[in-house]
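# Overview (structure and organization)
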Amino acid sequence: MNSLDEVFRLKRVHTRWIRINILCGLAPLFAIVNKFQPMLTDGYGNDLVPTLLPTAIGAHYNAILAFLLALLTASELLRRRFHRVHEQDLKL
């Protein structure tokens, strides 16, 4: 067992990690949903988000979304590993 301060630090890190995953995951998930079921549309019924981006970035919109979702997945897998390693301390 770690000291009580270390346990509280681990709990704060875990809680912060969850919140960051939620906040960072909202934008790409909204963009994916908006891509297939447009809620924000341009005048022609297409997805508005890529048209708001600069042309150079908008051309790689799908790749950026895929990268962000892969990053979110990797972060969640690492968070779960962190939780599994420190499970005893986090239960206190």
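Residues numbered from 1 in each chain as written. Predicted model: local features only at pLDDT ≥ 70, side-chain atom pairs only at ≥ 80, totals over all residues. Heavy atoms only, no water.

### Quick word on the packing of helix α1 (residues 4-36) against helix α4 (residues 61-85)
Between two packed helices, the angle of one axis relative to the other and the distance separating the axes together describe the packing. Counted only if it meets this: Orientation is described by lines fitted to C-alpha atoms, with helices fitted over the stretch in contact, and by angles between N-to-C directions that extend from 0 to 180 degrees. Each helix is a run of H or I in the DSSP string that is no shorter than four residues. Each strand is a run of E no shorter than two, and both are numbered from the N terminus. An angle below 35 degrees is read as roughly parallel, one above 145 as roughly antiparallel, one from 65 to 115 as roughly perpendicular, and any other as oblique. Crossing handedness: left-handed means the near helix sits turned counterclockwise from the far one by under a right angle, and right-handed means the same turn made clockwise. Here, residues are in contact when the closest pair of their heavy atoms is within 4.5 Å. Each residue is assigned to one of three groups, with Ala, Val, Leu, Ile, Met, Phe, Trp, Tyr, Cys and Pro labelled nonpolar, Asp, Glu, Lys and Arg labelled charged, and all others, Gly among them, labelled polar.
Where α1 meets α4, the axes come as close as 10 Å, and the angle between the chain directions of the two elements is 155°. Between α1 and α4, the interaxial angle falls into the category roughly antiparallel. In this structure, α1 crosses over α4, and the sense of that crossing is left-handed. Where α1 approaches α4, its residues L10, V13, H14, W17, I18, N21, G25, P28, L29, A31, I32 and K35 are matched on the opposing element by Y61, N62, L65, L68, L69, L72, S75, E76, L78, R79, F82 and H83. Among the residues making up the contact of α1 with α4, the classes are represented as 15 nonpolar, six polar and three charged.

### Overview of α1
Put simply, the rule is: Multiplying one less than the number of residues by 1.5 Å gives the expected span of a helix. The bend reported for a residue corresponds to the angle between axes fitted to the seven residues ending at that residue and the seven starting there. Any residue under 20% of the maximum accessible area for its type is buried, any over 50% is exposed, and the rest in between are partly exposed; the area is computed with a 1.4 Å probe on protein chains only.
Given a rise of 1.5 Å per residue, 33 residues ought to cover 48 Å, and the 48 Å separating the end C-alpha atoms of α1 matches this to within 8%. Of all the bends in α1, the greatest, near 30°, is centred on L26, and the proline P28 appears no more than four residues after it. Along α1, the residues classified as buried are V7, L10, H14, N21, G25, P28, A31 and N34. Contacts made by the buried residues of α1 are with α2 (49-52), α4 and α5 (87-90).

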